[in-house]
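Single-letter residue listing:
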Amino acid sequence: MRNALAIALAISMSAAVTALAQNAPAPAPAPAAAPAQSNCNNPNALGVARVVEIDTTGGPGFGFEHFKAYDFLRDKEIVLTFDDGPWPGHTPAVLKALADQCTKALFFPIGKHAGWHPEIMKQVAAAGHTVGSHTWSHKDLSKLNQQDGIDEIEKGIAAVSIALGNKPVGPFVRFPALRHPPELLKYVGERNLGVFSTDMDSFDFKMRKPEQVINSVMKKLEKHGKGIILMHDFQQATAHAAPELLKRLKDGGYKVVQVVGKTPVEPKKEYVDMVLKEMGGGLETARPMSSVIKDISN
């Protein structure tokens, strides 16, 4: 009898534990970790003053040119952003300049460019920079119907994810030419993507000389005192300007804020399939072209 009671009690306790486990709430997802910060060997580097984590739920917008709600920068603080990469020569030059100054930026790569140069895309992420997306082919979304606009956004996310080795992407998007159709702003809000405009556009795509880029950024900073700066790692003048520009920012007492997302965005499978069909396979595991193909004779 005593053994029977013991067995019955054990069964009862097991059932209770199972019921509690089934009714227990699911554990909350772990927050996204800030990108790794490498050791800085430059005692006079610009560096990173602080890292800001953004909860992109609902699609908040940033950059006073279009969005006024969130002013998260203090006086003399800046966010460095680069669009339209990755691009051979130019993006690596920007990465080296940033590394030499031990600082970080927010990159908005074009999906097609990421697909063409996944090895550079991986270098951006490996250096600890934040990677968002800038659509698939940089079309003016205000001139497209809603579905074509959604396709541009989603294919851009998918291509960057594939280029990074099938990893999620930072939950930030920048619209080409900073044109935000209302229906697509609503869509990215439902996708929980933070939208980046800018506080000051360098207009470096109109410039051919590095000094022009430097003067454009510094003059606008003197006027505004702080802000999100829009540049393009796709542009040769910007790539050449980067070392001196970062030095001037340091000398001017400006401080870099790195932006990271609380929860990365996962690409939708149908768009991953679409991009792979268009671009071909092997992007996620691509090695640098120089390590695969080289001239042995002229």
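Residues numbered from 1 in each chain as written. Predicted model: local features only at pLDDT ≥ 70, side-chain atom pairs only at ≥ 80, totals over all residues. Heavy atoms only, no water.

1. Here's the deal with the overall build of the chain
Counting its secondary structure elements, the chain contains 10 helices and 10 strands. Taking all 298 residues of the chain together, 47% fall into the buried category. Within the chain, counting contacts between residues at least 6 apart in sequence, those at least 24 apart form 80% of the total. Accessible surface computed for the chain: about 15,300 Å², of which carbon and sulfur atoms make up 55%. (Helix = DSSP H or I, 4+ residues; strand = E, 2+ residues; numbered from the N terminus. Buried < 20%, exposed > 50% of the residue type's maximum accessible area, 1.4 Å probe, protein only. Contact = heavy atoms within 4.5 Å. Areas by Shrake-Rupley, 256 points an atom, 1.4 Å probe, with all protein chains shown as cover.)

2. A look at the nonpolar core
Among soluble globular proteins, nonpolar side chains are generally buried collectively. Residues Leu80 and Leu249 are the most contacted members of the largest nonpolar core, which totals 56 residues. When sequence neighbours within four positions are dropped, the list of residues in contact with Leu249 reads Leu46, Ile78, Leu80, Met218, Leu221 and Tyr254. (Core = buried A, V, L, I, M, F, W, Y, C linked by side-chain atoms within 4.5 Å.)

3. What to know about the packing of helix α5 (residues 146-163) against helix α9 (residues 269-279)
With their axes 8 Å apart at the nearest point, α5 and α9 run at an angle of 75° to one another. Our classification of the angle between α5 and α9 gives roughly perpendicular. Two secondary-structure elements touch here, α5 through Gln147, Ile150, Asp151, Glu154, Lys155, Ala158, Ala159 and Ile162 and α9 through Tyr271, Val272, Met274, Val275, Leu276 and Glu278. Of the residues that constitute the contact of α5 with α9, the class distribution is 9 nonpolar, 1 polar and 4 charged. (Axes fitted to C-alpha atoms, helices over the stretch in contact; angles between N-to-C directions. Parallel < 35°, antiparallel > 145°, perpendicular 65-115°, else oblique. Nonpolar A, V, L, I, M, F, W, Y, C, P; charged D, E, K, R; others polar.)

4. Some details on the confidence of the model for the chain
When pLDDT is averaged along the chain, the result is 87; 82% of the residues meet or exceed 70. Here residues 1-37 is a poorly scored stretch, pLDDT under 50, and it has 21 contacts once near neighbours within four places are set aside; other chains count. (pLDDT = per-residue confidence, 0-100.)

5. Comments concerning the sheet that holds strand β6 (residues 172-173)
Taken in spatial order, the 3 strands line up as β2-β7-β6 in an open sheet, and their pairing is parallel. Every other strand in the sheet has two partners, leaving β2 (61-62) and β6 as the edge strands with one partner each. Inspection of the sheet shows β6 paired to strand β7 (residues 194-196) by 2 bridges, in the parallel sense. Bridging across to β7, Phe172 finds its partner in Gly194. (Pairing = 2+ DSSP bridges.)

6. Regarding the state of the cysteines
Simply put, the disulfide is a covalent bond whose two ends are the sulfur atoms of two cysteines. This model, assessed by the stated rule, comprises 1 disulfide. In this model, Cys40 is linked to Cys102 through a disulfide, with the two sulfur atoms separated by 2.0 Å. Around the S-S axis, the bridge from Cys40 to Cys102 shows a dihedral of about 85° and counts as right-handed. On the criterion of sequence distance, the pair formed by Cys40 in the loop between α1 (2-23) and β1 (50-54) and Cys102 in the loop between α2 (90-100) and β4 (106-108) is long-range, its members being 62 residues apart. Of the residues examined, Cys40 reaches a relative accessible area of 38% and is grouped as partly exposed. Given the relative accessible area of 19%, Cys102 is considered buried. (Disulfide = S-S within 2.5 Å.)

7. Some thoughts on the packing of aromatic side chains
One pass over the structure, following the stated rule, counts 9 aromatic pairs. With a centroid separation of 5.6 Å and an interplanar angle of 40°, the aromatic rings of Phe62 and Tyr70 are classed as tilted. The partly exposed category is assigned to Tyr70, whose relative accessible area is 46%. Ring plane angle 80° and centroid distance 5.9 Å describe the contact between Phe62 and Phe72, whose orientation is recorded as edge-to-face. Highlighted residues: Phe62 in strand β2 and Phe72 in the loop between β2 and β3 (77-83), separated in sequence by 10 residues. (Phe/Tyr/Trp six-rings, centres within 6.5 Å; stacked < 30°, edge-to-face > 60°.)

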